[in-house]
Number of protein chains: 2
Amino acid sequence: MTVQSKMLDRDLSTPSLISPQVPPKEVKLEEPVKLGIMASGSGTNFEAVARSIREGQLNAKIQVLIYNNPNAKVRSRAEGWEVPAVLLNHREYKSREEFDRSVVEVLQRHQVDWVVMAGWMRVATRVLLDAFPNKVINIHPSLLPSFRGVRAVEQALKAKVKITGCTVHIVSLEVDSGPILVQAAVPILEDDTPETLHDRVQVQEHIILPQAIALAVRG
Amino acid sequence: MTVQSKMLDRDLSTPSLISPQVPPKEVKLEEPVKLGIMASGSGTNFEAVARSIREGQLNAKIQVLIYNNPNAKVRSRAEGWEVPAVLLNHREYKSREEFDRSVVEVLQRHQVDWVVMAGWMRVATRVLLDAFPNKVINIHPSLLPSFRGVRAVEQALKAKVKITGCTVHIVSLEVDSGPILVQAAVPILEDDTPETLHDRVQVQEHIILPQAIALAVRG
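Residues numbered from 1 in each chain as written. Chains lettered and ligands numbered in written order. Predicted model: local features only at pLDDT ≥ 70, side-chain atom pairs only at ≥ 80, totals over all residues. Heavy atoms only, no water.

Enquirer: Explain the confidence of the model for chain A residue by residue, including any values.
Expert: Residues and elements named next belong to chain A. Per-residue pLDDT for chain A averages 90, and the proportion of residues at 70 or more is 89%. For residues 1-10, every residue scores under 50 in pLDDT, and the model assigns this stretch 27 contacts once sequence neighbours within four places are set aside. Among the prediction metrics, the complex's ipTM stands at 0.85, with pTM recorded as 0.88. (pLDDT = per-residue confidence, 0-100. Contact = heavy atoms within 4.5 Å.)

Enquirer: Got a sec to walk through the packing of aromatic side chains? Specific residues and values, please.
Expert: Any two aromatic rings considered together are summarised by their centre-to-centre distance and by the angle between their planes. Residue and element names in this part refer to chain A. In this structure the tally under the stated criterion is four aromatic pairs over all chains. Ring centres of phenylalanine 99 and tryptophan 120 lie 5.9 Å apart, and the angle between their planes is 10°; this geometry places the pair in the stacked category. With phenylalanine 99 in helix H4 (residues 96-109) and tryptophan 120 in the loop between strand E5 (114-117) and helix H5 (126-131), the pair connects residues that are 21 residues apart, well separated along the chain. Judged by its relative accessible area of 6%, tryptophan 120 falls in the buried class. (Phe/Tyr/Trp six-rings, centres within 6.5 Å; stacked < 30°, edge-to-face > 60°. Helix = DSSP H or I, 4+ residues; strand = E, 2+ residues; numbered from the N terminus. Buried < 20%, exposed > 50% of the residue type's maximum accessible area, 1.4 Å probe, protein only.)

Enquirer: Account for the pattern of salt bridges, with residues named and values stated.
Expert: Across all of its chains, the model carries 14 salt bridges over all chains by this definition. Measuring nitrogen to oxygen at the nearest pair gives 3.0 Å for the salt bridge that ties arginine 109 of chain A to glutamate 105 of chain A. Of this pair, arginine 109 of chain A and glutamate 105 of chain A are both found in helix H4, four residues apart, which corresponds to roughly one turn of the helix. Arginine 109 of chain A gets classed as exposed once you look at its relative accessible area, which sits at 52%. On the basis of relative accessible area, glutamate 105 of chain A is assigned to the partly exposed category, the value being 40%. For glutamate 55 of chain B, the salt bridge goes to arginine 54 of chain B, with nearest N and O atoms at 3.7 Å. Relative accessible area serves as the criterion here: at 47%, glutamate 55 of chain B is assigned to the partly exposed category. The partly exposed category is assigned to arginine 54 of chain B, whose relative accessible area is 45%. (Salt bridge = Lys/Arg side-chain N within 4 Å of Asp/Glu carboxyl O.)

Enquirer: I'd like a rundown of the interface of chain B and chain A, residues and numbers included.
Expert: On the side of chain A, 27 residues touch chain B, which itself brings 26 residues to the contact. When chain B packs against chain A, close to 1,800 Å² is buried across both sides, 75% of that on carbon and sulfur atoms. Among the residues of chain B in contact with chain A, Leu17, Lys162 and Ile163 of chain B are the three that bury the most area, contributing 32% of the side total. Where chain B touches chain A, the interface holds zero salt bridges. Where chain B packs against chain A, one counts five residue pairs in polar contact (both at pLDDT 80 or more). (Buried area = accessible area lost by both parts, 1.4 Å probe. Polar contact = N/O pair within 3.5 Å; in protein donor to acceptor, adjacent residues only side chain to side chain.)

Enquirer: Give me the lowdown on the packing of helix H6 (residues 152-159) of chain A against helix H7 (residues 194-218) of chain A, citing residues and values where you can.
Expert: All names here are of chain A. Where H6 meets H7, the axes come as close as 10 Å, and the angle between the chain directions of the two elements is 120°. With respect to H7, the element H6 is oriented oblique. Crossing of H6 against H7: the hand is right-handed. For the pair formed by H6 and H7, the contact residues are Val153, Glu154 and Leu157 on the first element and Pro194, Leu197 and His198 on the second. Classifying every residue of the contact of H6 with H7 by side-chain character gives four nonpolar, one polar and one charged. (Axes fitted to C-alpha atoms, helices over the stretch in contact; angles between N-to-C directions. Parallel < 35°, antiparallel > 145°, perpendicular 65-115°, else oblique. Left-handed = near helix turned anticlockwise from the far one by under 90°. Nonpolar A, V, L, I, M, F, W, Y, C, P; charged D, E, K, R; others polar.)

See below:
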């Protein structure tokens, strides 16, 4: 753990609201679920999942990280957690489908059960979803169905809503749709910038992503 | 106060989140703002505003209640609070505009400054909005921009979101749009029915509607 997220340690506590979870079923000793994580950026959500596993809140093992930007900070995080990191640069592929065929190949080679898009800025194709039916999870920085698509935090600020948040959901072919697992509501403050709001939404993402993975895996 | 709302007294407390308010400006003795309230149903939001005024949280006076259904329970609430109640039955008008002309006539006759749609199931026309520019307030049972239109609570349940809520906003010509004043987030529980969820959303409506009126009036 050489890389620590400033984000994860900073105090960004404002009142927030997390949707109630289904009560856990009876505890039984289970094999850890094998996760493949896909990320495009700094990887704070990767870090949150890794920490949650270490702290025993999520019975899982991260088999592999796939990242698509050669300079993504998430790569060094993976190294810190001793997780194999595989670069698949989408610019080197002719189509989304061809790219996803490589993604699936890497995930299957690492014997992944569940796929987690943790800030993965690529749209999932049928190739990926058919290989992992109902087993691809995504996190989106809005209270869906509001503000689908890119720059959701900016969309919320522009719309001048007073509450936004984040959503973890099972991925379907339609972008930012599919069954919702967990949501968290975050108030927008009078003086919020995209950066300050993004930071507070991320704090909630780090809480609900591991919760949602545990919920999804339990069925 | 012969009529008391069961709703307002029942314990429906679940965790919820209300968007932060602009801090109140320095207190000065002001004339109470003159409100006209329009309601179509049971009138629990009317009741919440009336109580808020009585308890000194909102410096206002309800000049008149307009209701559009002859059997609306809100009528007897108005009597309990000694507020004049005027029935305008929309079925007796040829167009929305003609109906709103009568609405405006009643509001102006009662010297209303601000108009509050508190469960008013009619779409506002230009006739009303031109007579009270940026001074018509509406409450809607969702976290806008999600779930505009009728049966918003049912829409949220059907979409299987985990968090919904309510929104108070300034009315514009587009339905359930216009600048947002206050929002409250409400978790959806595993066993919620439209009725139980509606009840919990209403609890939050009763809190944020008076807050939003105070906020709007302050400018």
